[in-house]
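# Descriptive analysis of the structure
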Amino acid sequence: MGERVILGLESSCDDTAAAVIRGTPGAAVILSSVVAGQADLHAPFGGVVPEIAARAHAEKLDGCVAQALAEAGLTLDRIDAVAVTAGPGLIGGVLSGVMCAKGIAAGAGLPLIGVNHLAGHALTPRLTDGADYPYLMLLVSGGHCQFLIVSGPEDFRRLGGTIDDAPGEAFDKTARLLALPQPGGPSVEAEAALGDPGRFPFPRPLLDRPGCDLSFSGLKTALLRTRDAVMQDGRLKRSDRVDLCAGFQAAVTEVLAEKTRRAIAKYLLSEPETPLLAVAGGVAANRPIRAALERVAQENGLAFLAPPLRLCTDNAAMIAYAGLERMAAGAVDDMTLVARPRWPLDRAAAPMIGSGKKGAKA
């Protein structure tokens, strides 16, 4: 397949996005990438409200598409296909994106390609750096967390994942418990930089059990109980808050690092020619966590790759690229494409337990 130009749409949670890419599998460039956030709409509620998100997507999608095309300097007659997140995610938002993509594809006579949102994250190292298959991917964000061996555009083997809260969700809940602004990840990280990570002995969930599965719900509960124990007259001192953040972040970092070591050991059994650990998702923007994962990779002889921060969080460039890979493999959909709230990457693996606030993305 020669070069293709793909228009991508993303609307699985609370970011409305459109992007245009050009290229071939493993050698593509981003011509435009537009992301319209909804943080101001959800801030009063302390989290994403699905109905509000779905309405916002319906209102913003066409504008994002128009802007992405304008920034790329292209019109629809120069586009070869439309790729869209068809799941998993909040069903109202996913449905908004799928219907918009169907309208564009039908009106312009273009092929339609449904993309798994998680595949978009998992294939980002191919978009940014042309990473060779197979590589080990840690998807770590607000709605999902799992270790994957990525061997092809539709070939994913899950080694483990979260059985309850995803790390990003745990960061958001921690921020709410400590009266910090949302999104919680950057707020907790900023406070943690000023605190003592050793003051509060938070648990390291599931480190006493074999395997690569993770759990963060109990860690959140431990933080709640510790907060209540140190509060005085219903108030939390700043010194206590920064130490709570530091201890919580240290626990998450240690758990992710150890589970990554275990995943690397399983990945290396396949004897990859160019061993690589890649990380994607919003939590990959956390600097201490990213640094710890890079150290683990180096200790085990793996290259380490973390995409630019703008491509770690939800975006449509990754969806367009995943669509490009699917199109090259001959996988094209039609108007029967449906929105899917659940869509596992590894269909042979047993379903994960738990779902989290942003839907059962694992």
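Everything discussed here concerns the structure shown above.
Residues numbered from 1 in each chain as written. Predicted model: local features only at pLDDT ≥ 70, side-chain atom pairs only at ≥ 80, totals over all residues. Heavy atoms only, no water.

## Concerning the overall build of the protein chain
How we decide: Here a helix means four or more residues in a row that DSSP labels H or I, a strand means two or more in a row labelled E, and each is numbered from the N terminus. Each residue is placed in one exposure class: buried if its accessible area under a 1.4 Å probe, protein chains only, is under 20% of its type's maximum, exposed if it is over 50%, and partly exposed if it falls in between. Areas reported here follow the Shrake-Rupley algorithm with a probe of radius 1.4 Å; residue values treat only the protein chains shown as occluding. Only four residue types enter the charge count: Lys and Arg as positive, Asp and Glu as negative, with His and the chain ends excluded. Just so you know, the charge point we use is NZ for Lys, CZ for Arg, CG for Asp and CD for Glu.
Of the regular secondary structure elements, the protein chain holds 12 helices and 10 strands. Principal-axis analysis of the C-alpha atoms gives the protein chain an extent of 65 × 50 × 35 Å. Each of the 362 residues in the protein chain was classed as buried or not, and the buried ones make up 56%. When the accessible surface of the protein chain is split by element, carbon and sulfur atoms take 53% of a total near 14300 Å². Positive and negative side-chain charges in the protein chain, numbering 36 and 39 respectively, have mean positions lying 4 Å apart.

## A word on the sheet that holds strand E3 (residues 27-37)
Quick note on the threshold: Pairing between two strands is assigned when DSSP locates at least 2 bridges connecting them. Axis geometry follows a simple rule: fit a line to the C-alpha atoms, using only the stretch in contact for helices, then measure angles between N-to-C directions, giving values from 0 to 180 degrees. Throughout, a contact is declared for two residues whenever any of their heavy atoms are within 4.5 Å.
Taken together, 5 strands build an open sheet; the order of strands is E3-E2-E1-E4-E5 and the sheet is mixed. Each having just a single partner strand, E3 and strand E5 (112-116) make up the two edges of the open sheet. Neighbour-to-neighbour, the strand axes of this sheet turn through a mean angle of 25°, independent of strand direction. Pairing geometry for strand E1 (residues 4-10) and strand E2 (residues 15-24), over 7 bridges, is antiparallel. In the sheet register, Ile6 faces E2, and the bridge partner there is Ile21. Strands in contact with helix H3 (residues 91-108) are E1, strand E4 (81-87) and E5; relative to E4, the strand with the most contacts, it is inclined by about 160°.

## Some remarks on the layout of surface pockets
Defined as follows: Cavity and pocket criteria rest on a 1 Å grid covering protein atoms alone: a 1.4 Å probe that fits but cannot get out defines a cavity, protein on both sides within 12 Å along at least 5 of 7 lines defines an open pocket, and an atom within 4 Å of a point defines a lining residue. Grid points are joined across faces, edges and corners, and a volume is the space filled by probe spheres set on the points.
Quantified by volume, the second largest pocket comes out at close to 270 Å³. Asn116, Glu154, Arg326, Trp343 and Arg347 are the residues nearest the centre of the second largest pocket, which is lined by 19 residues in total. Put simply, the parts of the chain that give the lining of the second largest pocket at least two residues each are E5 and helix H12 (317-328). With 3 residues, E5 is the single largest residue contributor to the lining of the second largest pocket.

## Examining the packing of helix H6 (residues 167-177) against helix H7 (residues 184-192)
Operational definition: These descriptions rest on fixed angle ranges, namely under 35 degrees for roughly parallel, over 145 for roughly antiparallel, 65 to 115 for roughly perpendicular, and the rest for oblique. Each crossing is labelled by how the near helix is turned from the far one, with a counterclockwise turn of less than a right angle marking it left-handed and a clockwise turn marking it right-handed. Polar here means any residue other than Ala, Val, Leu, Ile, Met, Phe, Trp, Tyr, Cys and Pro, which are nonpolar, and Asp, Glu, Lys and Arg, which are charged; Gly is therefore polar.
Remark: H6 packs on H7, axes separated minimally by 8 Å, with the N-to-C direction vectors making an angle of 65°. When the axes of H6 and H7 are compared, the pair comes out roughly perpendicular. As for how H6 packs across H7, the hand of that crossing is left-handed. On the side of H6, the interface is formed by Phe171, Asp172, Thr174 and Ala175, while H7 contributes Gly184, Gly185 and Val188. Residues that form the contact of H6 with H7 fall into these classes: 3 nonpolar, 3 polar and 1 charged.

That's the geometry; what it means functionally is another story.
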